[in-house]
Amino acid sequence: MKSGKLITFEGIDGSGKSTQILMLAEKLIAAGNEVIVTREPGGSPGAEEIRNMVLKGDKGRWSTETELLLFTAARRDHLERVIEPAIAAGRHVLSDRYVDSTRVYQGVGRGELRRKVDILHTQMIGREADLTFVIDIEPEVGLDRAVARTGDEKRFESFGLELQDRLRRGFLDLARECSERVVLVDGNRPKDKVAADIHNVIKEMPL
Ligand code: ADP
Ligand code: TYD
């Protein structure tokens, strides 16, 4: 049986990742593919428990080093229990965030931990995405969209505009650094336009 692909969506908060994942999933399913939609942190019962710990509470609850370990632990569980079985069964996995979020948020966003992120990834995860879309958006627009949502997972969104801007630049640098796998998409446009760009890339990919 042909393996599925791991396709990840990255970008700052409110960039439109969840919206675009659902639009792409519909198209892929309509074309006869088996698809699962998942997210990080989370995506498996154990990883969702870690998500609760890491995204709720006050800003200083965890150090960046502890966050790196928690996000990596969540990813390991997600990988073992959801991503790898799905790929082995020929399903395509669309994930709202994956290791590039750790590279950017923990690696450049808050503390120079990038080297440690990569070491842990190699040792404990060992799988890169087959294709990654970085949805780029003005931080002001993203923050407006994100704070309009309700809920109590606000630890990261409360970090403010200056940090969102640094994170955005982190994702742009990553897109340049990993251009063989990462496609940069302009998210400052209507949903359908963004979706059309993403679909054009997918059409070129042997699925
Ligand atoms: P993310 O998953 O990256 O945080 P979402 O897909 O949840 O972003 O989008 C955040 C909010 O912005 C949602 O209310 C969504 O409906 C809206 N949104 C998403 N994409 C666009 C777009 N291209 N233009 C305007 N609003 C958008
Ligand atoms: P989420 O609500 O999924 O993101 P969004 O606001 O984009 O819909 O929140 C996840 C938060 O966790 C987000 O602010 C990014 C952060 N994060 C990290 O810091 N490191 C990671 O490895 C991952 C996966 C997420």
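Above this note sits the structure.
Quick summary incoming for the structure in this document. Note that the coordinates shown come from a computational prediction; the quantities given were computed from them, not determined experimentally.

## Comments concerning the overall build of the chain
Then, number 1: Along the backbone of the chain there are eight helices and five strands.
Then, number 2: The N-to-C order of helical and strand elements in the chain reads β-α-β-α-α-β-α-α-β-α-α-β-α.
Then, number 3: What you see for the chain is a C-alpha radius of gyration of 16 Å, in line with the 17 Å of a compact globule of 207 residues.
Then, number 4: Once the C-alpha set of the chain is aligned to its principal axes, its extents read approximately 45 × 35 × 35 Å.
Then, number 5: Here the chain holds 207 residues, and 48% of them are scored as buried.
Then, number 6: A fraction of 78% describes how many contacts in the chain between residues 6 or more apart in sequence connect residues 24 or more apart.
Then, number 7: By element, 52% of the accessible surface of the chain is carried by carbon and sulfur atoms, the whole surface being about 9900 Å².

## Focus on the site of ligand 1
Then, number 1: Around ligand 1 there are 12 residues in total, and Gly 16, Lys 17, Ser 18, Thr 19 and Arg 189 lie nearest to it.
Then, number 2: Between Arg 189 and ligand 1, the recorded distance is 2.7 Å, taken from a backbone N or O atom to a nitrogen atom.
Then, number 3: A total of 560 Å² of accessible area belongs to ligand 1 in isolation, and the protein chains cover 75% of it.
Then, number 4: Grouping the amino acids of the shell around ligand 1 by side-chain chemistry returns one nonpolar, five polar and six charged.

## Details of the pairing of strand 4 (residues 131–136)
Then, number 1: Counted residue by residue, strand 4 has six buried out of six residues, so it is predominantly covered.
Then, number 2: On strand 4, burial covers both faces: Leu 131, Phe 133 and Ile 135 on one face and Thr 132, Val 134 and Asp 136 on the other are all buried.
Then, number 3: The sheet contact formed by strand 4 and strand 5 (residues 182–186) spans five bridges and is parallel. Counterpart to Ile 135 in the pairing with strand 5 is Val 185.

## A closer look at the packing of helix 2 (residues 45–55) against helix 3 (residues 64–88)
Then, number 1: Between helix 2 and helix 3, the shortest axis-to-axis distance is 8 Å and the interhelical angle comes to 160°. Judged on the interaxial angle alone, helix 3 and helix 2 are roughly antiparallel. Read as a crossing pair, helix 2 and helix 3 show a hand that is left-handed. Where helix 2 approaches helix 3, its residues Gly 46, Ala 47, Ile 50, Met 53 and Val 54 are matched on the opposing element by Glu 67, Leu 70, Phe 71, Ala 73, Ala 74, Asp 77 and His 78.

Rules behind the numbers
- Residues numbered from 1 in each chain as written.
- Chains lettered and ligands numbered in written order.
- Predicted model: local features only at pLDDT ≥ 70, side-chain atom pairs only at ≥ 80, totals over all residues.
- Heavy atoms only, no water.
- Helix = DSSP H or I, 4+ residues; strand = E, 2+ residues; numbered from the N terminus.
- Rg over C-alpha atoms; globule rule 2.2 N^0.38 Å.
- Buried < 20%, exposed > 50% of the residue type's maximum accessible area, 1.4 Å probe, protein only.
- Contact = heavy atoms within 4.5 Å.
- Areas by Shrake-Rupley, 256 points an atom, 1.4 Å probe, with all protein chains shown as cover.
- Near = heavy atom within 4 Å.
- Polar contact = N/O pair within 3.5 Å; in protein donor to acceptor, adjacent residues only side chain to side chain.
- Nonpolar A, V, L, I, M, F, W, Y, C, P; charged D, E, K, R; others polar.
- Pairing = 2+ DSSP bridges.
- Axes fitted to C-alpha atoms, helices over the stretch in contact; angles between N-to-C directions.
- Parallel < 35°, antiparallel > 145°, perpendicular 65-115°, else oblique.
- Left-handed = near helix turned anticlockwise from the far one by under 90°.

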